[in-house]
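Here are the chains, one letter per residue:
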Amino acid sequence: MIEIQKLSKVYGREFSLQIEKLHISEGESFGLVGNNGAGKTTLFSLILDLIPPTAGEVQIRRIPVHQSEEWKKFTTAYLDESFLIQYLTPDEYFDFLAKLRGVSKAQLNRTLEYFKPFFKGEITGKRKYIRDLSKGNQKKTGIAGVFIGRPDLILLDEPFANLDPSSQILLKRLLNQWRADNPTTFLISSHNLEHITEVTDRIVLLHNGRVEKDLPVNESTLKELIDFFSQQIDHEIQDGY
Amino acid sequence: MATSFGFRDYLRLRWLSFVRAPRFHAKLVARIFFGFIFLLIALEFIGFGIFPYYFVRETFPPEDPLVALNRYVYIYLVIAFIIMLMMNVSVSGALKPFLLLPVRRRKILRYFLIGSWLNVLLFLISLWIWTVVITFVLNGYDFWKILPWAIALQLTVMIFSVVSWFTERSGVIYFIGMSLFILLMFLIKRYPGWLRPLGKPYEAIAEGQIWLVAVFLLIFFGIYFLTENYLYRRFYAQLSTKKREKIRATGLRWTERFGISGAFIQNDIRLILRNKRPRMLIFQAAFMILYAVFIFGSGWYENQYFMYVFAAIFLTGVFLINYGSFIPAWESEHFNLLVSQSIDFRKYLEAKWLLMNFSVLVLTVLSVPFLFFGEDIFYLILAFALFNAGVGSYWVLWSGIFNKMPVKINASMQEFRSAQNTNFKLIMWGLLRVLVPILLYVGLKKMLGTGGILWAIAGIGVMGILLKNPILNALASLYNRHKYAFVESFSKSEES
């Protein structure tokens, strides 16, 4: 689904991201972890063609993202609030997305129905602008929005942040259920190592803009990730930070 | 905790917020430009202060210049009052960051109020007052005679500024202020002397009734403390209540027949009606109609074609210009969403173009009553309506590319109209946008005659409308080329 070749992004003089090669297969659920500044958001932005790469390229289904816009027809993303329209109600926002993606009313309603337990009655049917929603409910609106039109590729940056504990658990269930029913490829980043191991098949650990580890998800993955970050802390303490 | 937070600390914080504003680090050219403009205006105010004495002495030799000046001082005062009303700053917004400091709130409020006297406007008006005093004294006038007069004026201006604290700077106040201003100019032209009594107290003081200064002083302190108390109480009320917004513009079914463009148009209408800043566009349009009535009807600009053309352009183009200059900046807050969807700029721009030209059409219909001022004027308006639709619309879409500052669409006026974020480039584009057609008109008028020039202008407009497809395609590819730059600067959280 995604093919990354010799991709790098330089801000000023520092490499923000440098990936020699990365391949994400169709239908894979791909996790991305790393500390702040590791390059997660940069990678997302490069995949979505929001920033130009310094060198190399990203291909989605063999389409170079900066050359053609064909990939946008089956790709959706929710990275941050700039993917919401603050002055719409959630219903209007979903409606707008459905129109842009050529999705019928019936299909839209089916998708929203799927997320009904996740919304807890606080998103749809409420006459409230998105900007007046709580951070958690804004997040829920954005997350549900990416599923409209059943895209083949979904990018989610930190979907668990700002959600309350029961919504986090529910989101994990919904993601896994969706994966069981659909061939969607996911790209999900998270700071929560436990959650991310529960919703992905493969996890890449970014560190200082490079791929540090590339792990299939199994029983030992979580421990390996925790060990890595623990060692990092120890190194930093030794270095006198 | 001991609080040693004094007025100087407060001023230091304000200063830091000024010099660290992103705008302050704008290009050197822009900074010099604004510095130059400020200097020019200051010089103008000084000139206004020096001028009356010599003018009266040369033109009406026996007349006492101070007495003569007093006859017009009310005009200065009313204008100052209107401007101050419009430019005031909201108290609660500016004070929020200070609330958690270990300083008494009453003290912070007082610092804020007194600190707000250090503004450009008050400075300029005071500059005028004291230049008058210096001019008079240098010409042998008795300093002790003119000092009470100047103090009274200064106090009046201070009273205005206190009164202005009651208002929250908003679209409505702005509209009311501008309308008052026009009404005032109208009255001065048609009924001179009607507002004269407002100047009486100053005349009396100049004639020696110095005790009146005490009255001014009393009013000033009285109104200051009443206002401070009121604001102190309202301050709490404002912090605790959160208004729930009414949901507007929910229907808009009619947009559905335009397909994807319709979805954008629907979104734009909601953007305009639901956000503070674009909502101003409506007031601006209403004001422009009023202003056009003034230009064509008041008699101040009899046969001044420069002003007529200016009014004609803006009458039908006010929305187009004010809205169009911020495309796509209006959508800076969700620009990432737009560019990651499968939509092309072509459809996006077409929707904007349709909306803008719809506004031209509506405003043209609304200006049919201008037939009352003569057919010539109406034809002028019609010709420039076509010009706006066929040329102006592309012009603003093009200039939008150079306006990459993000717009906080729901920020209150107080937040966005600070000197810190006036956009130099935008001013330049706006100037060109107006000057080019005016010069075109004035330049070609001699060659083509009054009728010919109108046909030519309308013709250019119609041609532009017919060339919609190739021009919008070209613009779309231009927008595509600037995509990364838009994304980058729109993602900066601060307006810069």
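Note that this is a predicted model, so its numbers are computed, not measured. (Residues numbered from 1 in each chain as written. Chains lettered and ligands numbered in written order. Predicted model: local features only at pLDDT ≥ 70, side-chain atom pairs only at ≥ 80, totals over all residues. Heavy atoms only, no water.)

A. Summary view of a nonpolar patch on the surface. Residue and element names in this part refer to chain B. There is a patch of nonpolar side chains on the surface, built from F306, I427, M428, L431, L435, L439 and V442 and spanning about 560 Å² of accessible area. For the nonpolar patch, the element with the most residues is helix α19 (residues 424-466), which contributes six residues. Relative to the elements of secondary structure, F306 occurs in helix α14 (residues 305-324). (Patch = residues over 30% accessible without salt bridge, like charges linked within 9 Å, V, L, I, M, F, W, Y side chains within 5 Å. Areas by Shrake-Rupley, 256 points an atom, 1.4 Å probe, with all protein chains shown as cover. Salt bridge = Lys/Arg side-chain N within 4 Å of Asp/Glu carboxyl O. Helix = DSSP H or I, 4+ residues; strand = E, 2+ residues; numbered from the N terminus.)

B. Representation of the interface of chain B and chain A. Listed as interface residues are 34 residues of chain B and, on the opposing side, 31 residues of chain A. With both chains or domains summed, chain B and chain A bury close to 3100 Å², and 52% of this area falls on carbon and sulfur atoms. Of all residues in chain B, I247(B), L337(B) and Y484(B) bury the most surface against chain A, accounting for 20% of the area lost on that side. Where chain B touches chain A, the interface holds three salt bridges. Where E92(A) meets R274(B), a salt bridge forms, and the shortest distance between an N and an O atom there is 2.6 Å. Our count for the contact surface shared by chain B and chain A stands at 12 residue pairs in polar contact (both at pLDDT 80 or more). Secondary-structure elements contributing two or more residues to the side of chain B that touches chain A are α12 (259-274), α15 (335-340) and α21 (483-490) of chain B. Here the side of chain B that touches chain A takes eight residues from α12(B), the largest share from any one element. Within the side of chain B that touches chain A, the residues separate by chemical class into 14 nonpolar, 11 polar and nine charged. (Contact = heavy atoms within 4.5 Å. Buried area = accessible area lost by both parts, 1.4 Å probe. Polar contact = N/O pair within 3.5 Å; in protein donor to acceptor, adjacent residues only side chain to side chain. Nonpolar A, V, L, I, M, F, W, Y, C, P; charged D, E, K, R; others polar.)

C. Seen up close, the sheet that holds strand β2 (residues 14-24) of chain A. All names here are of chain A. Within the open sheet, the four strands sit side by side as β2-β1-β4-β5. Their pairing is antiparallel. Each end of this open sheet is capped by a strand with a single partner; those strands are β2 and β5 (63-64). As paired elements, strand β4 (residues 55-60) and β5 share two bridges and run antiparallel to each other. Opposite I60, over in β5, you have I63 as the bridge partner. (Pairing = 2+ DSSP bridges.)

D. Examining empty space enclosed by the protein more closely. Following the criterion strictly, the structure yields three cavities of 30 Å³ or more and no others. Taken as a whole, the largest cavity encloses approximately 100 Å³ of empty space. Of the residues assigned to the lining of the largest cavity, the class counts are six nonpolar, one polar and four charged. (1 Å grid on protein atoms, 1.4 Å probe; cavity = no way out; pocket = protein on both sides within 12 Å on 5 of 7 lines; lining within 4 Å. Points joined across faces, edges and corners; volume = space filled by probe spheres on them.)

E. Summary view of unusual backbone geometry. Geometrically, the link from I327(B) to P328(B) is a cis peptide bond, its omega value of 0° lying close to zero. Tracing the chain through its elements places P328(B) in the loop between α14 and α15. One non-glycine residue, R62(A), lies in the positive phi region at around 65°. In this fold, R62(A) is placed in the loop between β4 and β5. A positive phi angle, near 40°, is found at R150(A), a position not held by glycine. Of note, R150(A) is situated in the loop between α5 (135-147) and β7 (153-157).

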